[in-house]
Amino acid sequence: MPERHDSTRTAWHVLSGDDALERLESCRDGLSAAQVASRLEEYGPNRLQQEQARPAWKRLLAQFNNILMSILLVAAAASLALGHALDAGAILGVVVIIALIGFFQEGKAEQALDSIRNMLSPRASVLRDGKRQTLDAEALVPGDIVLVESGDRVPADLRLLETRRLRAEEAALTGESTPVDKHSEAVASDTELGDRASMAYAGTIVVQGTARGLVVETGTHTEIGRISEMLRSVEQLKTPLLRQLDRAGRVLAICILGAAALTALFGYLVHDQPLGDMFMAAVGLAVAAIPEGLPAIVTIGLALGVQAMADRNAIIRRLPAVETLGSISTIFSDKTGTLTRNEMTAQAIWLPEGEVRIDGVGFAPEGDFHRVEDDAPLADALDLDDYPALRHFLNVGVLCNDAELAHEDNHWRIHGDPTEGALVVAAAKGGLEARRLRGDHSRQDAIPFESERKYMATLHQLDGNACLLVKGAPDRLLEMCRHVRTGNGVETLAHQTWEARIHALSSRGLRVLALAERDAQGVDELADEHVEDGLVLLGLVGLLDPPREEAIEAVKQCLAAGIRPVMVTGDHAVTARAIAQQLGFANTERALTGREIEAMSDAELEACILEVDVFARAAPEHKLRLVTAMQAKGGICAMTGDGVNDGPALKRADVGVAMGIQGTEAAKEAAEMVLADDNFATIVGAVEEGRKVYDNIRKTITFILPTNGGQGLAIMLAVLGGFLLPVTPLQALWVNMVVAVTLGLALAFEKAETDIMQRRPRDPEAALLDLFLLWRVVFVSVLLLAGVFGLFTWILVYQQGSEALARAGAVNMLVTGSAAYLINSRFLLNSALSLDGLFGSRPVWIAIGLVMALQLGWTYLPFMQLIFGSAALGLDHWLVILAGSVAIFLIVELEKRVLRGRAPARGRAAVPRGADGEHVRTG
């Protein structure tokens, strides 16, 4: 048997084809049936490891793994044990409602592993016992001989044995923007993944040629399989809001339980109250003070953010990502198809007479040619009739070419290699039609492009003479050329001059090709010796995968918002740096390569992660390390990408952002957000929405907590003073729920503040409620306490009303006072005493109308009176409640004015920290 290939990863690209065959005990005619059966048993089927989805019941139980929910469950059980079944049922009902919200939000389980599994080819052509057969790709084993051709998806990792003009599309795996050439010769051991030309990897696409390959890795041992395993093992982090809510929940729970226990103990020891009554009072205090409606409010606020982002082409797959977007400090972005259009475009042609710039980007044949003087294009467009050298150059670029330009479905498309397509588009901009040219000058023979040769050659009849046309890598063609064609005829080639021009084009981020020709009289069939000497250079062409125009503007907006865009790509460092400079990235003086990242320790990578904005030749594990390093520096990271290679980093990032059009299903399923238009600029809109959502959630929490605080303080004061409880536990639950789902929800619809995208990212470690907001919560809690206890005492003592009537007044005072405070809460410091402040929000008044309608039903409907122990109020009671609510509103406005008066003259920047949501941390 061959050695186990899963114990230590074999560098198959280093071995020759024969050595690989020997290592796997195979031959070029394939395995026998007996060998296949034995290896299938040993290695297993060629599929990725399955993982059972979490059962629904486990997802439901997970919703109760929360300290506030646990307290409520204990309170419900204790109430039931003491015979208070109605209270216990109400508490339990609220807990179940909150749990169901979370359960349904998690109903769409992640499908990243499934989508990666589906990338394996379902069928494969294989040689076994010397016979070609087609079978399920799952049946492949190491040692099989597989045949692939143009259009096939590679079914397993292959060590190529024979190739014929083979090119593979590996962008989804390596980030390469163009198809890569493949051959059968071994490469160096330290060759990076994107340059291992002797290998064809599972899940990649063959775009040209044919090949015979030896299966060397299957299933989870393939490169895609390794990514799948990484995806399974990557830890997903909680978002900042969830972390802060957890932290606040623990602190709140400790405080509430401590206060409830001490209050009950005080009533039992000091006022000699029955222990059972004091226990229920403690339950009532806990129920009143715990904001059980808050999880529902946060969830609904995030859901509203989801809808707003969907309207802006950002599809949110997981609710917490809405808030996390608002605190993003770094966006790791793949280059190909994300920051660039993935459409090769000819930008410049360098002829002996000088440089010519070409207008336009993409495959649309629209644009003019302009001479360049002093490194700047002239305004006047060139006429090809006046520039025969340029016309001839374009003709050669079309004839020595296999790509075709087509207009389909209102879009211009290239059939064939995008690099060759760029030459066809350039010629079309000059009015030269490829089909007509090729018809007038039919091809008589050709030498296809091979990476060993680094050129393509074709034989044609031009002006009645046989002519050999060559296109290829500029360094290779310069070696083959002795002369250059100028307007004065053929002159000796000055190699240093042309090498400088090649470097000048490359430094602009352009991929450079050279075109050459020679007389071919008497040649009927091309051979390498006809090409590799005596060529006449025609010129150079620089090709660009152009940046998205909207991405350039988006980068500016990101920088203005304190967000660092960082490019992480599989392309070469020179190209990546040039593109980053064109996009306006901040730190482009240096680019780190994947090999340099590998050589760094985690500490060294963390030390430079804030100083480098361009990372080139990066593999999946490099991207994952970059995200982890940035998070270790305190950054909140987004990772954009479209390929399988981005999956682990997408999952590890605080927000993974996948491309919806060009992105693979694996990337989409690993991400929290999918861009429906593949537009980098859409992220900016999503960040704005995320910041708005977080601001509104903070306002909502600041509004909700005083309602609980007022109730809790009222119950505590009653026990400490030996009085009747002004609000029962059941009534407290009612207030909490109706206030949360009506008044609290209204603030989620508030518009974003005008300077929201001029703030720096929020400090993810900052407290959800800072000192300013905590002061506001305590201050308003005391105001509501005064109103509730005052009205309760007035009805019970001075009007000699019943307990039910007094509690009905207290509950309505609490709800109506909260409604008044809702108008205050639209602005944390700015005054609401204006037409816009009072009536500028339609949702606020809808919520107030709705909650008052509910309170009228609660107060006057007999069955509600029976359930909650209330009674009908009179007109005099409502007038007092209204006056008390107006007083609360005016006192809060006065408090705002005092705080504004204490702020220095700088205005908003001097507001107490947290009042405007601004922090300086960028991570």
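Where do I start with the overall build of the protein chain in this structure?
For the protein chain, the count of helices and strands is 34 helices and 28 strands. Within the protein chain, buried positions represent 56% of all 923 residues. Roughly 37500 Å² of accessible area belongs to the protein chain as shown, and the carbon and sulfur atoms make up 55% of that amount.

Just to check I follow, could you spell out the side chain of Lys699 for this structure?
Within the fold, Lys699 resides in helix H27 (residues 680-721). Residue class for Lys699 comes out buried when judged on its relative accessible area of 6%. A polar contact is formed between the side chain of Lys699 and the backbone oxygen of Arg826, at a distance of 3.3 Å.

Where do I start with the environment of Pro352 in this structure?
Looking at the secondary structure, you find Pro352 in the loop between strand S10 (345-351) and strand S11 (354-358). Sequence separation of Pro352 and Thr486 is 134 residues, and the distance between their C-alpha atoms is 5.7 Å.

I keep staring at the packing of aromatic side chains and nothing clicks. Help me out?
In this description, an aromatic ring pair is defined by two values, namely the gap between the centres and the angle between the planes. Enumeration over the complete set of coordinates arrives at 6 aromatic pairs. The structure contains a cluster of three or more aromatic residues connected by ring pairs, namely Trp734, Trp858 and Phe868.

How should the nonpolar core be read in this particular structure?
Across soluble globular proteins, nonpolar side chains show a tendency to be buried alongside one another. Of all hydrophobic cores here, the largest spans 85 residues; its most connected members are Leu325, Val531, Met673 and Phe680. Broken down by element, this core gets its largest block of residues, 10 residues, from H27. Leu325 has contacts with Met309, Ile316, Val655, Met673, Ala686, Val687 and Gly690, leaving out every residue within four places of it along the chain. Ala281, Phe789, Met813 and Trp878 belong to the second-largest nonpolar core, a separate cluster that totals 63 residues.

Looking at this structure, how should I read the sheet that holds strand S24 (residues 591-593)?
In space, the 8 strands of this open sheet follow the order S8-S28-S27-S26-S9-S23-S25-S24, with mixed pairing throughout. Looking along the sheet, the strands with just one partner apiece sit at the ends: strand S8 (314-316) and S24. Strand-to-strand twist of the sheet, defined as the mean angle between neighbouring strand axes without regard to direction, takes the value 20 degrees. Bridge analysis of strand S23 (residues 564-568) against strand S25 (residues 614-616) gives 2 bridges, and the strand direction is parallel.

When you look at the packing of H27 against helix H30 (residues 803-825) in this model, what are you seeing that I'm missing?
The packing of two helices is summarised by the inter-axis angle and the distance between the axes. Two numbers describe how H27 lies on H30: the axes approach to 10 Å, and their chain directions differ by 155 degrees. When the axis of H27 is compared with that of H30, the two are roughly antiparallel. Remark: the crossing between H27 and H30 carries right-handed chirality. In this structure, H27 uses Lys699, Thr702, Phe703, Pro706, Thr707 and Gln711 to contact H30, whose residues at the interface are Leu814, Ser818, Tyr821, Leu822 and Ser825.

What is the right way to look at helix H10 (residues 275-289) in this model?
Three or four residues apart is the spacing at which side chains of an α-helix point the same way, because the helix has 3.6 residues per turn. Taking 1.5 Å of rise per residue, 15 residues should cover 21 Å, and H10 covers 21 Å from first to last C-alpha, within 8% of that figure. Counting buried residues in H10 gives 11 out of 15 residues, a clear majority hidden from the surface. Regarding H10, the residues found buried are Met278, Met280, Ala281, Ala282, Val283, Gly284, Leu285, Ala286, Val287, Ala288 and Ala289.

I'm lost on the pairing of strand S7 (residues 205-217) in this one. Help?
Across a regular strand the side chains alternate sides, sitting on one face of the sheet and then on the other. One ladder, built from 5 bridges, connects strand S3 (residues 145-149) with S7; its direction is antiparallel. Within S7, the residue paired with Ile145 across the bridge is Leu214. Sheet topology note: the strand S4 (residues 157-169)/S7 ladder contains 10 bridges and is antiparallel. Counted as the bridge partner of Leu160 is Gly213 from S7.

What is the right way to read the packing of helix H14 (residues 388-399) against helix H15 (residues 418-429) from this model?
Two numbers describe how H14 lies on H15: the axes approach to 9 Å, and their chain directions differ by 140 degrees. Accordingly, the angle class assigned to the pair H14 and H15 is oblique. Classified by chirality, the crossing of H15 by H14 is left-handed. Two secondary-structure elements touch here, H14 through Leu394, Gly397 and Val398 and H15 through Leu423, Val424, Ala426 and Ala427.

Calculation rules
Residues numbered from 1 in each chain as written. Predicted model: local features only at pLDDT ≥ 70, side-chain atom pairs only at ≥ 80, totals over all residues. Heavy atoms only, no water. Helix = DSSP H or I, 4+ residues; strand = E, 2+ residues; numbered from the N terminus. Buried < 20%, exposed > 50% of the residue type's maximum accessible area, 1.4 Å probe, protein only. Areas by Shrake-Rupley, 256 points an atom, 1.4 Å probe, with all protein chains shown as cover. Polar contact = N/O pair within 3.5 Å; in protein donor to acceptor, adjacent residues only side chain to side chain. Phe/Tyr/Trp six-rings, centres within 6.5 Å; stacked < 30°, edge-to-face > 60°. Core = buried A, V, L, I, M, F, W, Y, C linked by side-chain atoms within 4.5 Å. Contact = heavy atoms within 4.5 Å. Pairing = 2+ DSSP bridges. Axes fitted to C-alpha atoms, helices over the stretch in contact; angles between N-to-C directions. Parallel < 35°, antiparallel > 145°, perpendicular 65-115°, else oblique. Left-handed = near helix turned anticlockwise from the far one by under 90°. Expected span 1.5 Å × (residues − 1).

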